[in-house]
Amino acid sequence: MVGGRRFRPGGGFGRQLDEHEMRSGEPLPPQQDHPVAGGLVDSAVYIRGHRYASPAGLAETYRCLQEQDDAVAWIGLYRPDIDQITSLAREFRLHDLAVEDAINAHQRPKLERYGHTLFVVLRAARYDDQREEVEFSELHLFIGPGFVVTVRHGEAPDLAAVRRRMEADAPMLERGPQAVLYAILDQVVDGYAPVVAGLENDIDEIETEVFGGDPNASRRIYGLSREVIQFQRAARPLLGVLDTLADGASGVDTDEELHRYLRDVTDHLTQVVERVDGFRHLLQGILTVNATLVSQQQNEEMRTLTAASYAQNEELKKVSSWAAILFAPTLIGTVYGMNFVHMPELQWRYGYLFALLLMGLVCGTLYLVFKRRGWL
């Protein structure tokens, strides 16, 4: 059933089972995950958990669904254009608000119900080992009676791997679109584990840099803190989505076995969220420690500069003191060396001795004064 109507058998479509396949009951081989036409990555129609057809375009997929009873279409799109989204909205009667969100992207993880259709927004994460950065991408899903539409706005998650896993497990795929939703949720949450490991390794490196006195540690702490916050924004709202699905509050009937699987995914995601919360608190503590160490280093440098300045001042005092002491006899000698005729001390018998005594008295006095003040 698509858009409230049930499919009717009959007619041709993209690729039907040939006579040998109809006799043998063997399913079609899975199609490779590469763009087929425009933003269409893969389109498949499943009957009782087996790939029944691999249409080459959306129109053929619609015809196949209309001609086969109890068929389920799984359409994968990668950054589709407006015409493709409009075509899907018209065929599956998607709500305008959900379509607008799928086109514009930049949405937070959420689950919305529009009639018989669920609109789910997920944010996948991937850790780039080479650049030591976390890359985030957005995935939108339309889940309805008889169809699953995935719209990717980034490289992650690897939906081809999800499709291969589901096609290898026909009983699970036979459970319908909700089973596909579970598999994609499980893939997204499993993709968080390498990101957590990468962030943990980065934090260990930052701790080494902080205690090693790396001047660039603050910049890296700030950048990593932003990645952790973005990761929290991607993972934490997903808990609400999973709780809604696991509790049946979404309004979509899901069998008990899928409820168990969803609760298992919720447990894994809870562990991820708790570890990421711990990362954020740990980074705040590291930033505080780094600020303290930087402050201590600056204080030590200021202490060193102050000690050096004090030592220079002491040396300057000594030099100034000796300069003043030596200046006194120089001044006296200069006065009596001016060759004036009318200088009585020049003709005095004890004038030379008087000049020497005056020089010694002045120098001794200055020495005692500077010594008492601690300059010498």
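Refer to the structure presented above.
This write-up is about the structure you can find in this document. Values in this document were obtained by computation on a predicted structure and should not be read as measured data.

Some words on the pattern of salt bridges
Here the structure, examined in full by the defined rule, presents 15 salt bridges. A salt bridge links Arg275 to Glu200, with the nearest nitrogen and oxygen atoms 2.6 Å apart. Linking Arg275 in helix α9 (residues 256-335) with Glu200 in helix α7 (residues 177-211), this pair joins segments that are 75 residues apart in sequence. Here the salt bridges share partners, and the residues they tie into one network are Arg126, Asp128, Arg131, Glu133 and Glu135.

A short note on the packing of aromatic side chains
Taken as a whole and judged by the stated rule, the model has eight aromatic pairs. Here Phe92 and Phe147 contribute two aromatic rings whose centre-to-centre distance is 4.2 Å and whose plane-to-plane angle is 10 degrees, an arrangement assigned as stacked. In this pair, Phe92 is assigned in helix α3 (residues 82-92) and Phe147 in strand β7 (residues 147-152), connecting sequence segments 55 residues apart. Measuring from centroid to centroid gives 6.0 Å for Trp322 and Tyr367, while their planes differ by 45 degrees, and the two rings are tilted. Placement of Trp322 in helix α9 and of Tyr367 in helix α11 (residues 351-372) is noted, with a sequence separation of 45 residues between them. Taken together, Tyr62, Phe92 and Phe147 form an aromatic cluster joined through their ring pairs.

Remarks on the packing of α9 against α11
Their axes nearest at 9 Å, the elements α9 and α11 cross at an angle of 165 degrees. Looking at the two axes, α9 sits roughly antiparallel to α11. The element α9 and its partner α11 pack so that their crossing is right-handed. Packed against α9, whose contacting residues are Ser321, Trp322, Ala324, Ile325, Ala328, Pro329, Ile332 and Gly333, the element α11 presents Ala355, Leu358, Met359, Val362, Cys363, Leu366, Tyr367 and Phe370 at the interface. When its residues are assigned to classes, the contact of α9 with α11 shows 14 nonpolar, two polar and no charged.

Regarding the environment of Ala98
Mapped onto the elements, Ala98 comes out in helix α4 (residues 96-104). Sequence separation of Ala98 and Val120 is 22 residues, and the distance between their C-alpha atoms is 9.1 Å. Setting aside anything within four residues of it in sequence, one finds Ala98 in contact with Tyr114, Phe119 and Phe142.

About the thresholds
Residues numbered from 1 in each chain as written. Predicted model: local features only at pLDDT ≥ 70, side-chain atom pairs only at ≥ 80, totals over all residues. Heavy atoms only, no water. Salt bridge = Lys/Arg side-chain N within 4 Å of Asp/Glu carboxyl O. Helix = DSSP H or I, 4+ residues; strand = E, 2+ residues; numbered from the N terminus. Phe/Tyr/Trp six-rings, centres within 6.5 Å; stacked < 30°, edge-to-face > 60°. Axes fitted to C-alpha atoms, helices over the stretch in contact; angles between N-to-C directions. Parallel < 35°, antiparallel > 145°, perpendicular 65-115°, else oblique. Left-handed = near helix turned anticlockwise from the far one by under 90°. Contact = heavy atoms within 4.5 Å. Nonpolar A, V, L, I, M, F, W, Y, C, P; charged D, E, K, R; others polar.

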